[in-house]
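Working through the structure, step by step
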Amino acid sequence: MKVLKFILKETVGLFIDDGALALFAVALIALIGILVKVAGIDGLLGACILFLGCLLILAESVVRAARRKFKG
């Protein structure tokens, strides 16, 4: 039973490892959507900002995970 619990926990962890990553990504998507619709920025510029923002969010998440791993 412990093995099944461990496997389930690890499988869920693959998809829900970092809640902040998901939260920041959703916030970025919402912000870019608002900027494109309300502020009237060009869609291509919005896509570029979204791409770069996602890269920055991912890099920050990796750095935070590395700090947790090497601290503990």
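Here the structure is shown first, and the text comes after it.
To start, this report covers the structure provided alongside it. (Residues numbered from 1 in each chain as written. Predicted model: local features only at pLDDT ≥ 70, side-chain atom pairs only at ≥ 80, totals over all residues. Heavy atoms only, no water.)

1. Quick word on the pattern of salt bridges
- Following the criterion strictly, the structure yields one salt bridge and no others.
- Here Glu60 ties to Arg64 by a salt bridge, and the two come within 2.7 Å at their closest N and O atoms. With a gap of four residues between them, Glu60 and Arg64 both fall in helix α3 (residues 43–71), about one helical turn apart.
- Residue classification places Glu60 among the partly exposed residues on the basis of a relative accessible area of 34%.
- Judged by relative accessible area, which is 23%, Arg64 ranks as partly exposed. (Salt bridge = Lys/Arg side-chain N within 4 Å of Asp/Glu carboxyl O. Helix = DSSP H or I, 4+ residues; strand = E, 2+ residues; numbered from the N terminus. Buried < 20%, exposed > 50% of the residue type's maximum accessible area, 1.4 Å probe, protein only.)

2. With respect to α3
- Over its 29 residues, α3 runs 42 Å from end to end, which matches the ideal 42 Å to within 8%, given 1.5 Å per residue.
- Residues of α3 that are buried include every one of Gly46, Gly53, Ile57 and Ser61, and no others.
- Residues of α3 that are buried in the fold lie against α2 (19–39). (Expected span 1.5 Å × (residues − 1). Contact = heavy atoms within 4.5 Å.)

3. Observations regarding the packing of α2 against α3
- Look at α2 against α3: their axes get within 10 Å of each other, and the N-to-C directions meet at 165°. Classed by the angle they form, the pair α2 and α3 counts as roughly antiparallel. Judged by the sense of rotation from one axis to the other, the crossing of α2 with α3 is right-handed. Only Gly46, Ile49, Leu50, Gly53, Cys54, Ile57, Leu58, Glu60, Ser61 and Arg64 of α3 make contact with α2, whose side of the interface consists of Ala20, Leu21, Phe24, Ala25, Leu28, Ile29, Ile32 and Val36.
- Residue composition of the contact of α2 with α3, by class: 13 nonpolar, three polar and two charged. (Axes fitted to C-alpha atoms, helices over the stretch in contact; angles between N-to-C directions. Parallel < 35°, antiparallel > 145°, perpendicular 65-115°, else oblique. Left-handed = near helix turned anticlockwise from the far one by under 90°. Nonpolar A, V, L, I, M, F, W, Y, C, P; charged D, E, K, R; others polar.)

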